[in-house]
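Coordinate analysis (summary)
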Amino acid sequence: MFGLSALFLARFQFAFTVGFHIVFPAFSIGLAAYLAVLEGLWLKTGRSAYLDLFKYWLKVFSVVFGMGVVSGLVMSYEFGTNWSAFSQKAGPILGPMLAYEVMTAFFLEAGFLGVMMFGLNRVGKGLHFAATCMVSIGTLISMSWILSSNSWMQTPRGYRIDEATGRFLPVDWWQIVFNPSFPYRIVHMGLAAFLCVAFIVAGVAGWHLLKARREGRQASEQVRLMFSMAMWMAAIVSPIQVLAGDTQGLNTLEYQPAKIAALEGDWESESRAPEILFGIPDMESETTRYKIAIPYLGSLILTHSLDGKVPGLKDFPKEDRAYSPLLFFSFRIMVALGMLMVLVGLWSLYLRWKGKLYDTPLLHRVALFMSPAGFLALLCGWVTTEVGRQPFTVYGLMRTADSVSPIALPSIATSMIAFIVVYFIVFMGGITILLRTFAEEPHSGEHGPAEDQPQRAAGTTQVSHQPPSGPTAGAGMAE
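Residues numbered from 1 in each chain as written. Predicted model: local features only at pLDDT ≥ 70, side-chain atom pairs only at ≥ 80, totals over all residues. Heavy atoms only, no water.

Re the nonpolar core
Core analysis: the largest hydrophobic core is formed by 119 residues, its most contacted members being Phe 27, Tyr 34, Trp 57, Phe 61 and Phe 438. The two domains that each donate at least three residues to this core are domain 1 (14-179 + 407-451) and domain 2 (180-265 + 321-406). If we skip the residues at most four places from it in the chain, Trp 57 touches Leu 31, Tyr 34, Leu 35, Leu 38, Ile 200, Val 201, Val 204, Met 226 and Phe 438. (Core = buried A, V, L, I, M, F, W, Y, C linked by side-chain atoms within 4.5 Å. Buried < 20%, exposed > 50% of the residue type's maximum accessible area, 1.4 Å probe, protein only. Domains from an automatic or database assignment. Contact = heavy atoms within 4.5 Å.)

What follows is the structure, given as structure tokens:
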């Protein structure tokens, strides 16, 4: 009872903190790239609207980046408190990779972040644009190292297991870093980050387009410009994301067939398998109840052949099966949201061609409604990936039950309650700030983060730069 309860709560705690954290790095990755594009277009064209949008979204980036850093720090402690057995055995491989992420990405971001945030009027335009690009590159490098580490846990390569200690020791770092699932997952995650930001930008622009219509005026140039850019991103990237997801599915079928069987809700291995659109997988009876399926489509999607063989969960021992009901629905929600993004993008292309992109309130309402769609799809995709790896932390090699720390249930419960309280206070405050920022329409002469206010650390006294004057100027010294 102790092991199962403590293990479940340790898993839930990590899922809770990751669920909060992953949203903000994805936001930072996409938004940093968007800022670099905006500043580059401003420098190239001299159009002030690009600079206004840069300053507007830079304020958002400052909040998002801060929350991402704070939420990420918690997980590093959890590796030591709740998952010490995993850290001890996988540390020789994952430890250096996470250290590389800090040295190559976090330091790069931190080194140029201040220049990007506060240096627009303090350094040359070229240097400031370089700083913005470095921050964007840093977020992409950070994503690469984190995904490489996680992908190694999905498809481990380039290691040997020490017989005396059971530790994973590196043999070939090239195979470790560029493991079989890494190239597919980094593309899928990168595109997901861009789509997350595209639909947030579209939602904010859609809100202001609707507001301007209600007030009987034309929306500002800045609003129309960012809506146009967001719709271009949706129209171009969302179909590419569908293709990227397909290639990742083929890779997963090859290296993690049990995950595919679980997310598809298939119990029997068969050729010409149907695609189950809806159903309720039952782990006890080993069947999917109330299923609605399309014949042959499962084999066609997964193998690109009508005669392709699709694995079933009965091919694997019960103790090695992931929890199919959660995977089944999380995967379908992700796919449904992805297809909606494609439809919105294509619809925007049609309206752009008709010259009605800014004059169709229904599209603006849909964009507003779809603004969180990218993040919801991202979370569902992450659930599919991580739950599908269960019951292993290192796929096929190290079980989750063998990875948890020998820590009592009350200790995990106490920290879990503390995390829930603190996270909701801190992050609800951050989200409130973001919503207030979004409610303000970007305009000409937009101000970014304040550059003219003196900054001081807590507890220090702010010193005036004005010389003393008047008859009492020396009174303090005389006393």
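Let's talk about the environment of Pro 96
Examined against the element boundaries, Pro 96 turns out to sit in helix α3 (residues 84-118). In this structure Pro 96 comes out as partly exposed when scored by relative accessible area, which is 24%. Taking C-alpha positions, Pro 96 is 19 Å from Pro 180, a pair spaced 84 residues apart along the chain. In contact with Pro 96, not counting residues within four places along its chain, are Gly 91 and Trp 173. (Helix = DSSP H or I, 4+ residues; strand = E, 2+ residues; numbered from the N terminus.)

Remarks on the packing of helix α6 (residues 182-214) against helix α11 (residues 361-369)
Where α6 contacts α11, the axes come no closer than 7 Å and their chain directions differ by 135 degrees. As the angle between them shows, α6 and α11 are arranged oblique. In the packing of α6 onto α11, the handedness of the crossing is left-handed. Listed contacts from α11 to Phe 199, Ala 202, Gly 203, Gly 206, Trp 207, Leu 209, Leu 210 and Arg 213 of α6 are Pro 361, His 364, Arg 365, Ala 367 and Leu 368. Among the residues making up the contact of α6 with α11, the classes are represented as 8 nonpolar, 3 polar and 2 charged. (Axes fitted to C-alpha atoms, helices over the stretch in contact; angles between N-to-C directions. Parallel < 35°, antiparallel > 145°, perpendicular 65-115°, else oblique. Left-handed = near helix turned anticlockwise from the far one by under 90°. Nonpolar A, V, L, I, M, F, W, Y, C, P; charged D, E, K, R; others polar.)

So, the packing of aromatic side chains
The tally for this structure, following the rule as stated, stands at 28 aromatic pairs. On the basis of an interplanar angle of 25 degrees and a centroid distance of 6.3 Å, the ring pair of Phe 79 and Phe 86 is categorised as stacked. Relative to Phe 329, the ring of Phe 328 has its centre 5.3 Å away and its plane inclined at 80 degrees; by these criteria the two rings are edge-to-face. Residue classification places Phe 328 among the buried residues on the basis of a relative accessible area of 0%. Exposure remark for Phe 329: the relative accessible area of 32% places this residue in the partly exposed category. Members of the aromatic cluster, joined through ring pairs, are Phe 16, Phe 20, Phe 24, Phe 419, Tyr 423, Phe 424 and Phe 427. Seen from the ring of Trp 207, Arg 214 lies directly overhead, with NZ or CZ sitting 5.6 Å from the centre. (Phe/Tyr/Trp six-rings, centres within 6.5 Å; stacked < 30°, edge-to-face > 60°. Lys NZ or Arg CZ within 6 Å of the ring centre and 35° of its normal.)

Fair warning: the whole summary comes from geometry, so function is off the table for now.
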